[in-house]
Each structure stands twice: as structure tokens, then as C-alpha cells.
Amino acid sequence: MNHDPFDGLTEFLAVAEHKSFTLAATRLAVTPTAVSHAIKLLERRTGVLLFQRTTRRVALTEAGASLFARLRPAASEIDEALAVLSGFRDQPMGTLRITAPRLSGALLIEPLIPLFRQACPQVNLDISLDDATVDLMTGGFDVGIRLGESIEKDMVAVRLTPDLQWSVVGSPAYFSKAGKPLSPEELTRHDCIGFRFSTSGNAHRWEFRRDGRDFTVGVEGGLTVNDRRLLVSAARNGQGLAYACDLEIIDDLANGRLERVLQPFVPLSTALYLYFPSRTQTQPKLRAFIDLATRWIADQGGLGR
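Reading the values: the criteria
Residues numbered from 1 in each chain as written. Predicted model: local features only at pLDDT ≥ 70, side-chain atom pairs only at ≥ 80, totals over all residues. Heavy atoms only, no water. Domains from an automatic or database assignment. Contact = heavy atoms within 4.5 Å. Buried area = accessible area lost by both parts, 1.4 Å probe. Salt bridge = Lys/Arg side-chain N within 4 Å of Asp/Glu carboxyl O. Polar contact = N/O pair within 3.5 Å; in protein donor to acceptor, adjacent residues only side chain to side chain. Helix = DSSP H or I, 4+ residues; strand = E, 2+ residues; numbered from the N terminus. Nonpolar A, V, L, I, M, F, W, Y, C, P; charged D, E, K, R; others polar. Buried < 20%, exposed > 50% of the residue type's maximum accessible area, 1.4 Å probe, protein only. Pairing = 2+ DSSP bridges. 1 Å grid on protein atoms, 1.4 Å probe; cavity = no way out; pocket = protein on both sides within 12 Å on 5 of 7 lines; lining within 4 Å. Points joined across faces, edges and corners; volume = space filled by probe spheres on them.

1. What about the domain arrangement of the protein chain?
- Domain assignment breaks the protein chain into domain 1 (9-88), domain 2 (94-163 + 271-300) and domain 3 (164-269).
- Between the C-alpha centres of domain 2 and domain 3 the distance comes to 27 Å.
- Of the residues lining the interface, 14 residues belong to domain 2; the matching set on domain 3 comes to 15 residues.
- For the pair domain 2 and domain 3, the summed buried surface comes to about 1,100 Å²; carbon and sulfur atoms form 63% of the total.
- Looking at the side of domain 2 facing domain 3, the largest losses of area belong to Arg-102, Leu-103 and Asp-163, adding up to 44% of the total buried there.
- For the pair domain 2 and domain 3, the interface holds one salt bridge.
- The partner of Arg-229 in a salt bridge is Glu-110, and the shortest N-O contact between them spans 2.3 Å.
- Counting across the domain 2 and domain 3 interface gives two residue pairs in polar contact (both at pLDDT 80 or more).
- The biggest single contributor to the side of domain 2 that touches domain 3 is helix 5 (residues 103-119), with four residues.
- Its residues assigned to classes, the side of domain 2 that touches domain 3 comprises eight nonpolar, one polar and five charged.

Dropping the structure here:
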């Protein structure tokens, strides 16, 4: 029969410290008989006498004193470890691992990093930008950011943005050279900048809606990228048309560097959400990030509005 090596050690330390079975029992909130029984079992298991007992006093044997000398610092370290553990309950600390799509990198993650590190200096941030659907538990992440349509139903989801508007865009220089498509089908005659998902290697098919029916168009062109910033930059520089979220091109649209086409055919997609398992939401580090992110977005008037 296997024995727990820690059985009886709590009682042993209490008796050794107080030199009394009665005082040890009081400290442990058990009976003196229970303490005595635990010590006897420990002595039987080790085959070593640990205490000299008389009616008037309790003293450690040489073997008992040797064991106590080794266990006392270990017990102190355990107490310190438990005290540190309580800190995880009381204040934000430790490492917060976040997975987010590349789309949210510049829009959300970059401005939040300095704000969060200033507010929670004891929390280390470990951020992974990945456009693939990520299982938080398997990946070892505390929290993720994804489109609502890709979040598992058993996750707690906190809305960050309104439903996202996507657009087919090009630069004025491109349109002056190639003209503007009037229907999604005409895209096959245009130079379109492809986007390839890094994890799956799949190409993004451009999504449209006509008369309540959703459909996609497989576009072609001389350039394919796997980075959102490069995609927008290439469109801005006249390399072709791009299918982009309005959040990532808001300044280019406002300044006329990019122009929309086919807007009546482009549907909304679901919003960006924070998501996490329900059992982890009480962690101070996670709660602090959720509160800061939602407060920052509210201060911006809501991303995309």
C-alpha cells in the first residue's frame, strides 16, 4: 500500500514546535488523541522513534531533531509559497497570455499595451497575433479576441466593437488606370491583392450578398500577402484592390487615399469579442484586462463608430 509521504508531518511539526501534544492539538483544531495517533503512524512508517515522551515533557529524539531541522525551512517555504499564491487572488499579477487576430493588433492591442503595463506592472503580457481559430485551453491562453462567429458557445464573450463593416477598396491611382467594378463578378477582371491565412495557408475568399443570398468570389492578382498592414499598404500604393475591414482603413478612407467600391454588396460581419472560460473570469489579471479594454473602447466612443 502506498502512503502519502506528507502524512503526519503537519502534526510532527506542531508537536516539535510546541513541545506538547495538547498545544499542538489546539493549534491544529483536533484532539490530542488524533495528534498522538498521527505521530505513531509516522514513527511506524519510518521505523524511527521521533519523540521522547513522559508524563511531564515531550522532547525530540536525535532522529526527530534531525527531521525537524530539515522540515522547518521547507515548511517556511511552503507558507511563503501559499502567501504568494494568495496574491494571485488579491491583485493582478503573473503572466496574462492573449491570442488575437492580426486585425486587432494595431487597432486594439498596441494602444492597450502601455496602458495595461502602467496600470498592472506586476503582470507580464504574452501576446500572440494569429488569424486562426485558437482553443484557449490547448494553447495555454488566458483570453482571446476573435470575431463572434468563431467563438465556442461555452465561452464567456464580451463585445468590444459593433458589427464590422468590410469594404473592397483601391487607390485613386488604381481606379484611374483600371476603372471601378460595378458588380462582384467584375472583380475577376481586376488585379486583386490576395490575403493568405498564416496558420491554415488558405486564401481569403471575398464575401458578398445580393438579394439576401451570400456568395464568395475567388479573386486573382499578382500579389498575395499574409499581413494586414502590408495588404492595406499595397492597396494604398496602387497595387490592386483589397478586401479590408473599415477599422483598419478608417484613416485612409477619411483622407481619400483609399476609395470604396461595391459597397451595396458587402455584408457586415460579427463584432470583435473578448472571450475566456467562465471559471477563469475571477482572476484579477484577467478582470483588470477586461475592465481596461472595455473602458478604453468606451472612451474612444466605440471602435468603428
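2. Remarks on the pairing of strand 7 (residues 164-170)
- In terms of burial, strand 7 is a largely internal element, six of the seven residues being buried.
- With two bridges joining them, strand 7 and strand 14 (residues 268-269) adopt antiparallel strand pairing. Paired with Gln-165 across the two strands is Leu-268, which belongs to strand 14.
- Here strand 7 runs beside strand 12 (residues 242-245); their pairing, made up of four bridges, is antiparallel. Residue pairing across strands places Val-169 opposite Ala-242, the latter belonging to strand 12.
- Across three bridges, strand 7 lies against strand 13 (residues 259-261) in antiparallel orientation. Pairing of Val-169 across the sheet is with Arg-260, part of strand 13.

3. Things to note about the layout of surface pockets
- Roughly 640 Å³ of volume is contained in the largest pocket.
- Every residue lining the largest pocket is counted, 24 residues in all, and those nearest its centre are Leu-147, Glu-149, Trp-166, Phe-197 and Glu-207.
- Split by residue class, the lining of the largest pocket holds 12 nonpolar, five polar and seven charged.
- Estimates place the volume of the second largest pocket at around 390 Å³.
- Taken together, 20 residues form the lining of the second largest pocket, with Ala-106, Leu-107, Arg-228, Arg-229 and Glu-248 sitting closest to its centre.

4. A word on the pattern of salt bridges
- Here the structure, examined in full by the defined rule, presents 15 salt bridges.
- The shortest N-O distance in the salt bridge between Glu-259 and Lys-180 comes to 3.2 Å. With Glu-259 in strand 13 and Lys-180 in the loop between helix 7 (172-178) and strand 8 (194-195), the pair connects residues that are 79 residues apart, well separated along the chain.
- By relative accessible area, Glu-259 is classed as partly exposed at 27%.
- A relative accessible area of 43% means that Lys-180 is categorised as partly exposed.
- Several salt bridges share partner residues, and in doing so they unite Arg-236, Asp-252 and Arg-257 into one network.

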